[in-house]
Amino acid sequence: MSQTDIQSDIQKTILKQQKAEDRRKLMLNGILLVLLLLAPFVMYPVFLMKILCFALFAVAFNLLFGFTGLLSFGHAAFLATGGYTTGYLLSNFSGLTTEMGIIAGTLVAAVLGLGFALLSIRRQGIYFAMVTLALAQLVFFFFVQSPFTGGEDGLHGVPRGELFGLINLEDNLNMYYFVLVVFLACYLLVQRIVSSPYGHVLKAIKQNEPRAVSLGYKVDRYKVLAFVISATLAGLAGSMKSVVFQLASLNDAHWHMSGEVILMTLVGGVGTLLGPVLGATLVVNIEYQLGQGPLRDWVDPILGAIFVLTVLSFRSGIVGEVQKFVRKNMG
Amino acid sequence: MSDQYVLETRSLVKEFKGFVAVDDVNLQIQKGHIHALIGPNGAGKTTVFNLLTKFLIPTRGQILFKGEDITPMKSAAIARKGMVRSFQISAVFPHMTALENIRVALQSFEGSSFSFWKSGASLNRLNKRAMELLDSVGLTEFANTMTVELAYGRKRALELATTLAMEPEILLLDEPTQGMGTEDVDRVVELVRKAAEGRTVLMVEHNLSVVSKLCDRITVLAQGSVLTEGDYEAVSADPRVREVYMGTGSSGERGAVTAEEAAQ
Ligand SMILES: Nc1ncnc2c1ncn2[C@@H]1O[C@H](COP(=O)(O)OP(=O)(O)OP(=O)(O)O)[C@@H](O)[C@H]1O
Ligand SMILES: [Mg+2]
């Protein structure tokens, strides 16, 4: 066989593998879709919506942490900004339809994300985390002081209203399927992003930033874009959440929330697509189950212990460990 | 007559908090040459590379690329202009396949690097060129292997192919043979010779037998300044070079061994 034959053979093998990978992705997406379509018939829709909102939040966070290598410790700011903006607008302007309120909340979070990114992107490692934390604390105090947020009480009674002025979202099933459509769209978008030409550059930056620079990439610009997309989706998660619960509160802006999304992502599997979804599902469930029982004062220490356990003994998270296992045993 | 030089530095200085790592260095790299930068450990060779590619900002001095002052330019822009470096510690993307490593470089000149909505399959049009580049360094059969699993010598070959994918006018190689056995060293010598066809190479190299085989001109750096410059015969006969670099009285070959050992 000539050298060019070997070359084209290998190229064919690679294309075949890509096709197989695409089929596998499609199948997993299909399973996820069916599960989520049927879920409200066996579980309480409001609880499911809570999971989906946090799952979207974690997926957004993971785009930055898992796929770009930037650990933000200030993502609560975007969740809260989306939530407050949407909550305030829908409460005070009855002419707005629900989706307009959500879009507005998302956009404000995107702009805030750009601001955060421009101020933090040059910092490396722990300094980046610290700058994002400091900025998020500023945002927190802004919300504490501002009259429109209702301070410690939060913003209550946000009307769910009607989607496109047509579909009544007071109905929990309608609301659920709306949340589901938004979640799936974002999930597929992130899936697309990480395998796109842009996603390959992010991967390169994450794995060896000086090398990416030496190959002519202005890495700061790529990181800023990743940050803004991540903040936008986190804001969308907050906006949806405020509509679902008809409430926007300081909890969402607190640094606890920035920590919780890190926990969700790590437990589920950082840098995997399904990991944050699974992690959010687990953490929301654990919090709920413990909150009901005699251990209700122990929620934070228990979550803390899970965090430590994950970091020390299964760093790749649940999905990451499963992937490793499959790779090892099925070649 | 400055246009016979692809790369020039004028009174280049780098200070680290009072310590002068690069001291008034004037380099002139002639077009088409393989030019060696040698000197003992800590002489400032890597720092010079970092200055040329703006991974460090010079304290003073000027850098000219094809007669143009590129001193204020940023790293990425310099790479796009045609001066591409490799690193002393092999620089690859470990969790990508060899083919994907090369594609990252090829993609750098495509308009699509911000296209987050496009499918990954759109990068497949780069596969053919990437395979040719892999073939040129003997890595065809490893195209689909994760880079982290490649042996050290192959990683360095991949790094070279990735650098060549940028079609650089001048190639800066920081110790391409470091930590290699004799067989791998011979292969790298051949690769560099091939890569140098039609371009200029500036390389840091401790192994003097490699330098003697490949290089048209040699600059010796010691404690941040240029000690001497010339071809291999002239430089290796210079007693001052023997003193700082080879240890007094030793031959070039032995010097190469000691220097290599010191680098471990
Ligand atoms: N970022 C830095 N901060 C402070 N000092 C530095 C820095 N980088 C290099 N130096 C110092 O500058 C001097 C030159 O270092 P450099 O790495 O350029 O040497 P080199 O000639 O490449 O040596 P080697 O052969 O070991 O690779 C050394 O004394 C080193 O400690
Ligand atoms: Mg060095």
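Below is a summary of the structure that appears in this document. None of the values given here were measured: they were computed from a predicted structure. (Residues numbered from 1 in each chain as written. Chains lettered and ligands numbered in written order. Predicted model: local features only at pLDDT ≥ 70, side-chain atom pairs only at ≥ 80, totals over all residues. Heavy atoms only, no water.)

### Some thoughts on the overall build of chain A
- Along chain A, the regular secondary structure elements total 13 helices and four strands.
- Its C-alpha atoms give chain A a radius of gyration of 21 Å, near enough to 20 Å, the size a compact globule of 331 residues would have.
- Counting only C-alpha atoms, chain A reaches 75 × 45 × 45 Å along its principal axes.
- Within chain A, the proportion of its 331 residues that are buried is 51%.
- For chain A, the distance from the average position of its 23 positive side-chain charges to the average position of its 18 negative side-chain charges is 14 Å. (Helix = DSSP H or I, 4+ residues; strand = E, 2+ residues; numbered from the N terminus. Rg over C-alpha atoms; globule rule 2.2 N^0.38 Å. Buried < 20%, exposed > 50% of the residue type's maximum accessible area, 1.4 Å probe, protein only. Lys, Arg positive; Asp, Glu negative; His and termini not counted. Charge placed at Lys NZ, Arg CZ, Asp CG, Glu CD.)

### Some points on the overall build of chain B
- Helix and strand counts for chain B stand at ten helices and eleven strands.
- Its C-alpha atoms give chain B a radius of gyration of 19 Å, near enough to 18 Å, the size a compact globule of 264 residues would have.
- Summarising its shape, the C-alpha atoms of chain B cover approximately 60 × 40 × 35 Å along the three principal directions.
- Going through the 264 residues of chain B one by one, you find that 56% of them count as buried.
- For chain B, the proportion of contacts with a sequence separation of at least 24, taken over those separated by at least 6, is 65%.
- Taking the 29 positively charged and 33 negatively charged side chains of chain B as two groups, their mean positions are separated by 6 Å. (Contact = heavy atoms within 4.5 Å.)

### What to know about helix α11 (residues 275-292) of chain A
Residues and elements named next belong to chain A.
- Helix length check: α11 (18 residues) gives 26 Å between terminal C-alpha atoms against 26 Å at 1.5 Å per residue, within 8%.
- Considered for burial, the residues of α11 that qualify are Gly 275, Pro 276, Val 277, Gly 279, Ala 280, Val 283, Val 284 and Leu 290.
- Lining the buried residues of α11 we find α2 (45-68), α6 (172-195), α10 (255-268), α12 (299-313) and α13 (317-330). (Expected span 1.5 Å × (residues − 1).)

### Section: the site of ligand 1
Residues and elements named next belong to chain B.
- In the vicinity of ligand 1 lie 13 residues, with Gly 42, Gly 44, Lys 45, Thr 46 and Thr 47 positioned nearest.
- With respect to ligand 1, the backbone of Gly 42 contributes an N or O atom lying 2.9 Å from an oxygen atom.
- In the model, an oxygen atom of ligand 1 is placed 2.9 Å from a nitrogen or oxygen of the Gly 44 main chain.
- Considering ligand 1 on its own, with 640 Å² of exposed area, one finds that the protein chains cover 62% of that surface.
- Contributions of two or more residues to the shell around ligand 1 are made by β2 (19-25) and α1 (45-52).
- Grouping the amino acids of the shell around ligand 1 by side-chain chemistry returns four nonpolar, seven polar and two charged. (Near = heavy atom within 4 Å. Polar contact = N/O pair within 3.5 Å; in protein donor to acceptor, adjacent residues only side chain to side chain. Areas by Shrake-Rupley, 256 points an atom, 1.4 Å probe, with all protein chains shown as cover. Nonpolar A, V, L, I, M, F, W, Y, C, P; charged D, E, K, R; others polar.)

### Here's the deal with the sheet that holds strand β9 (residues 200-204) of chain B
Residue and element names in this part refer to chain B.
- Spatially, six strands are ordered β7-β8-β9-β4-β10-β11 in an open sheet, and the strand pairing comes out mixed. One side of each edge strand has no neighbouring strand; the edge strands of this open sheet are β7 (83-85) and β11 (225-230). Between one strand axis and the next, the sheet turns by 20° as a mean value, whatever way the strands run. (Pairing = 2+ DSSP bridges. Axes fitted to C-alpha atoms, helices over the stretch in contact; angles between N-to-C directions.)

### Here's the deal with the coordination of the magnesium ion (ligand 2)
All names here are of chain B.
- The protein atoms that coordinate the magnesium ion (ligand 2) are Thr 46 (OG1) and Gln 88 (OE1), at distances spanning 1.9 to 2.3 Å. In this pair, Thr 46 sits in helix α1 while Gln 88 sits in the loop between β7 and α3 (98-107), placing the two residues 42 residues apart along the sequence.
- On the accessibility criterion, Gln 88 (24% relative accessible area) is partly exposed. (Donors = N, O, S within 2.8 Å, 3.2 Å for Na, K, Ca; no water.)

### Let's talk about the interface of chain A and chain B
- If you look at the interface, chain A gives 34 residues, while chain B gives 47 residues.
- For the chain A and chain B pair, buried surface summed over both sides reaches about 3,500 Å², with 62% attributable to carbon and sulfur atoms.
- Three residues stand out in chain A for area buried against chain B, namely Pro197(A), Arg211(A) and Leu215(A), and they jointly supply 19% of the buried area on that side.
- For the pair chain A and chain B, the interface holds zero salt bridges.
- At the surface where chain A touches chain B, the tally comes to 16 residue pairs in polar contact (both at pLDDT 80 or more).
- Examining the composition of the side of chain A that touches chain B, we find that nine residues originate from one element, helix α1 (residues 3-38) of chain A, more than from any other.
- In terms of residue class, the side of chain A that touches chain B is built from 17 nonpolar, twelve polar and five charged. (Buried area = accessible area lost by both parts, 1.4 Å probe. Salt bridge = Lys/Arg side-chain N within 4 Å of Asp/Glu carboxyl O.)

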